[in-house]
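Working through the structure, step by step
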Amino acid sequence: MRWLLAVGLVASGFAWNQGPADADLVAFAQQAAGQRVIYSYPGLTPPESLLARIRAGEAAGVIFFGENISSLSQISGVVAQLRAAAAQSPVHEPLLLMTDQEGGQVRRLPGEPTLSHKQVGQSSNPAAAATTAGNGAGQNLAGVGMNVNLAPVLDVFHQAGDLMDQFGRSFSSNAGTVATLGANYARAEQARGVAATLKHFPGLGKANADQNTDTKPVTLNVSLSTLRSVDEAPYPASISAGAKLVMLSWAVYPALDASRPAGLSRTVIQQELRSRNGFTGVTVSDALEAGALRDFGSAGNRAVLAADAGVDLILASARDVGQGDQAATALANALADGTLDSGAFGDALTRIHNLRAGLS
């Protein structure tokens, strides 16, 4: 398989800019780069440009939003179309087909889980309710052919009405409660064959209602001791439960790295998430088009910075196939010219390959 050969070349530290087969290596670089990009598209019908990327093995997967979904039967048909395109590609592992199905107000598919994270936490039996919610999310996504849920949220809200509380997206203001409920949710949805994504590391719980990284840069001045004892505290339980992905926050945490948002910070990803919290799975960025990144250049530049920091999957979620193409091209060029370390690139591809190989 050409993609596995590309993984081997990258993982072995092969010099992409040398040798007689430069054209083949550029093609490998483009395919390898595409395998790190999650694409999105507008409306109800995936465009031919996206299908072509998938057939060429140049896309890791697709994220779906409300505008892409009119009914369960409609999106099931779209998923089947995407899977048919993938069956023609040189990459035989399943596409990563994902959405945000947290519960409550944050649902892209009709149906379960109907309770928000906050309602789960306030229920008479929160532990059981979290398991039920995760099971419902997994069953719902698997029912239409999706295999990754961008949930649960492990942010520990700080005060009533703040960013994560105002839409009921946090289980609790108690880190221990969030740890238990998040792990139950993740464990249950993965039992249905749907990979869980823990978010938003190292935590958005201290963000006020107007500190939304989707719209603007956000700095959270939280002490290192609080970050570790509160915000990061829910993660070990879900990591131990086998959660397969972690999404990085786009906020800046001066206690860890005063110059870069978490998703662009080697300190946050390599030191806090991987070394300190022991996460060995796949990391995924938040939305590449987020306002929090307005000072970090183009979509391509942002993708390279995120990959260099240790983000495995780039979420090109502007509902624009061109955005994903820009990210993939920038990654391929950065790999070819040595801006991105080929060994680290290969390690990321291996983690993504292992994730995909374990899903259906």
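Attention here is on the structure that accompanies the text. Here, residues in each chain are numbered from 1, in the same order as that chain's written sequence. In keeping with the model being predicted, local features are shown solely for residues with a pLDDT of at least 70 and side-chain atom pairs are shown and tallied solely at 80 or more, while totals for entire chains, interfaces and linings include all residues. Working from all heavy atoms in the structure, the side-chain values ignore hydrogens and water.

Here the focus is the pattern of salt bridges. One side-chain nitrogen of Lys or Arg within 4 Å of one carboxyl oxygen of Asp or Glu is enough to make a salt bridge. Under the definition given, this model contains 15 salt bridges. Here Lys-206 and Asp-231 are joined by a salt bridge, their closest N and O atoms 3.3 Å apart. Here Lys-206, found in the loop between strand S7 (195–201) and helix H8 (224–231), pairs with Asp-231, found in helix H8; they are 25 residues apart in sequence, far enough to count as distant. Across the pair, Asp-231 and Lys-206 agree in class, each one buried. Helix numbering and strand numbering both begin at the N terminus, where a helix is a DSSP run of H or I of at least 4 residues and a strand a DSSP run of E of at least 2. Any residue under 20% of the maximum accessible area for its type is buried, any over 50% is exposed, and the rest in between are partly exposed; the area is computed with a 1.4 Å probe on protein chains only.

Given two aromatic rings, one states the distance between the centres and the angle between the planes to describe the pair. Ring pairs shown here join Phe, Tyr and Trp side chains whose ring centres sit within 6.5 Å, with only the six-membered ring taken for Trp; geometry is labelled stacked below 30 degrees between planes, edge-to-face above 60, and tilted in between. Applying the stated criterion to the full structure yields three aromatic pairs. Ring centres of Tyr-41 and Phe-64 lie 6.3 Å apart, and the angle between their planes is 90°; this geometry places the pair in the edge-to-face category. Of this pair, Tyr-41 sits in the loop between strand S1 (37–39) and helix H3 (48–55) while Phe-64 sits in strand S2 (residues 61–64), and the two are 23 residues apart along the sequence. Phe-64 carries the same exposure label as Tyr-41, and that label is buried. Distance and angle both matter: a charge sits over a ring if NZ of Lys or CZ of Arg is within 6 Å of the ring centre and within 35 degrees of the ring normal. Positioned over the ring face of Phe-345 is Arg-36, at 4.5 Å from the centre of the ring.

Turn by turn, an α-helix covers 3.6 residues, leaving residues three or four places apart pointing in a common direction. What helix H10 (residues 266–276) keeps buried is the set Val-268, Ile-269, Glu-272, Leu-273 and Arg-274. Viewed along the axis of H10, the buried residues span an arc of 160°, placing them on a single side of the element. Counted as exposed and oriented over 90 degrees from the buried face of H10: Arg-266 and Ser-275. Whether two residues are in contact is decided by their heavy atoms: any pair within 4.5 Å suffices. Elements that come into contact with the buried residues of H10 comprise S7, H8, strand S8 (245–248), strand S11 (282–287), helix H11 (299–309) and helix H13 (342–357). Think of a polar contact as two N or O atoms within 3.5 Å of one another; within protein, one of them needs to be a possible hydrogen donor and the other a possible acceptor, and neighboring residues in sequence only count if both atoms come from side chains. Put simply, Ser-265 is the residue that caps the front of H10, since its side-chain oxygen is 3.3 Å from the backbone nitrogen of Thr-267. The arc refers to the directions leading from the helix axis to the C-beta atoms.

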